[in-house]
Amino acid sequence: MHYKKAISNYGIAQPLILATLVIAIAGGIYFYVNSELSKKETVFRNSSLTAAKATRLKNSSSANLAELARWEATMDLNPRTILEEQFNQSAASARSPQLERVSNSIANRKAPIALALESQPSQTYNLSFRGAYRDVQSMFVDFEYRLPNLVVENFTIEPANGSRTSVNCNITYSVWRK
């Protein structure tokens with residue numbers, strides 16, 4: 001009976017306390033590792049989804065790289081020359097022989113949109129044409145296709161005097177430059 005207290009203390013109580021402490025520490029470590037694993041799996045899934053989206057975007061935009069390169073190359077060219085060439089092509093392919101240039105000038109003022117973006121260099125062009133509506137419309141579409149840096153500032157269209165098939169068009173473009 002003399003050793004009863006020592007046996008209960010060293011043989012039962014301390015091992016139980018030590019075992020409980022080890023189990024608690026192991027459980028804490030287990031739950032910490034599981035929560036970190038869950039966080040890292042979520043980050044991995046999100047990064048995998050982002051990488052897949054980036055790959056899809058890259059694949060879909062690679063088809064437009066040639067067009068983008070062409071557009072960037074037009075930023076280095078003289079817009080007036082391109083407008084002249086495009087007008088000549090449009091006049092040659094017009095359905096009616098009526099398409100003619102009335103005036104073509106560079107404005108000395110900056111357009112309102114260009115004033116708002118002073119750090120971006122631009123020029124303003126005033127163009128006037130007379131011709132069949134479809135020919136003029138087709139020419140403007142070609143202008144804007146060949147020069148994606150055109151911004152329409154002002155556009156008027158009126159019936160030509162003395163003609164039922166022709167229209168007079170006056171358009172002002174701002175052309176953004178590099």
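The coordinates are above.
If you're wondering where the values come from, they're calculated on a predicted model, not measured in any experiment. Residue numbers run consecutively from 1 along every chain, following the written order of its sequence. With pLDDT at 70 or above as the cut-off, local features in this predicted model cover only qualifying residues; side-chain atom pairs require 80 or more to be listed or tallied, and sums for whole chains, interfaces and linings still use all residues. Heavy atoms throughout the structure, all of them, feed into the side-chain values; hydrogens and water do not.

Another point: the overall build of the protein. Only DSSP runs of H or I with at least four residues qualify as helices, and only runs of E with at least two residues qualify as strands; both kinds are numbered from the N terminus onward. When its secondary structure is counted, the protein shows five helices and four strands. Along its sequence from the N terminus, the protein presents helices and strands in the succession α-α-α-β-α-β-α-β-β. Scaling as 2.2 N^0.38, a compact globule of 178 residues should have a C-alpha radius of gyration of about 16 Å, whereas the protein reaches 38 Å, well beyond that. When its C-alpha atoms are laid out on the principal axes, the protein stretches across 130 × 35 × 30 Å. The reference for a compact globule is 2.2 Å times residues^0.38; the radius of gyration itself is calculated from the C-alpha atoms.

Further remarks concern the pairing of strand β2 (residues 122-132). Most of β2 sits out of view: eight of its eleven residues are buried. Bridge count for β2 against strand β4 (residues 166-176) is eleven bridges, and the pairing is antiparallel. Opposite N126, over in β4, you have T172 as the bridge partner. To sort residues, take the accessible area from a 1.4 Å probe on protein chains only and compare it with the maximum for the residue type: under 20% means buried, over 50% means exposed, and anything in between is partly exposed. Think of it this way: DSSP has to see at least two bridges between two strands before they count as a pair.

This part covers a nonpolar patch on the surface. Patch membership requires more than 30% relative accessible area and the absence of a salt bridge. Residues of like charge join within 9 Å; the nonpolar side chains Val, Leu, Ile, Met, Phe, Trp and Tyr join within 5 Å. Here the accessible surface of atoms and residues is derived via Shrake-Rupley with a 1.4 Å probe, and residues count as covered only by protein chains that are part of the display. Between Lys or Arg on one side and Asp or Glu on the other, a salt bridge is scored when a side-chain nitrogen of the former is within 4 Å of a carboxyl oxygen of the latter. A contiguous nonpolar surface patch, about 710 Å² in accessible area, is contributed by L18, L21, V22, I25, I29, Y32 and V33. According to the relative accessible area criterion, V22 is partly exposed, its value standing at 49%.

Think of a nonpolar core as a cluster: buried Ala, Val, Leu, Ile, Met, Phe, Trp, Tyr and Cys residues, connected wherever their side-chain atoms sit within 4.5 Å. Core analysis: the biggest nonpolar cluster contains 19 residues, and L127, F129, M139, F140, F143 and Y173 have the highest contact counts within it. Contributions of two or more residues to this core are made by α3 (79-92), β2, α5 (133-146) and β4. If one sorts the elements of this core by residue count, β4 sits on top with five residues. Pairs of residues are marked as contacts when any of their non-hydrogen atoms sit within 4.5 Å. With residues near it in sequence (within four places) discarded, F143 still touches L83, Q86, F87, L127, F129, L150 and Y173.

Examined against the element boundaries, T172 turns out to sit in strand β4. Given a relative accessible area of 5%, T172 falls into the buried group. Polar contact criterion, stated in full: a pair of N or O atoms within 3.5 Å, where within protein one must be able to donate a hydrogen and the other to accept it, and residues adjacent in sequence count only if both atoms are side-chain atoms. Within the structure, the side chain of T172 is placed 2.9 Å from the side chain of N126, a separation counted as a polar contact.

When strand β3 (residues 150-159) meets β4, the two strands line up antiparallel, connected through nine bridges. The partner of E158 across the bridge, within β4, is N168. Taking the residues between adjacent antiparallel strands as the criterion, β3 and β4 are bridged by six residues, where G162 takes a positive phi near 75 degrees.

Take the packing of aromatic side chains next. Note on aromatic pairs: the rings of Phe, Tyr and Trp (six-membered ring only in Trp) are paired at centre separations within 6.5 Å, and the planes decide the class, stacked below 30 degrees, edge-to-face beyond 60, tilted for the rest. With the rule as written, the count across this model stands at six aromatic pairs. Note on Y30 and F31: the rings are 5.5 Å apart at their centroids and 75 degrees apart in plane angle, and the pair reads as edge-to-face. Each member of the pair Y30 and F31 is classed as exposed. Ring pairing ties together the aromatic residues F129, F140, F143, F155 and Y173, which thus form one cluster.

Our focus in this paragraph is helix α1 (residues 4-62). Given a helix with a known number of residues, its expected span is that number minus one, times 1.5 Å. In this model, α1 (59 residues) spans 84 Å end to end at C-alpha, consistent with the 87 Å of a helix rising 1.5 Å per residue. Bend is computed residue by residue as the angle between axes fitted to the seven residues ending at the residue and the seven residues starting at it. Along α1, the largest kink reaches about 30 degrees and is centred on A13; proline P15 follows within four residues of it.

Honestly, that's just the spatial picture; any functional story needs more than this.
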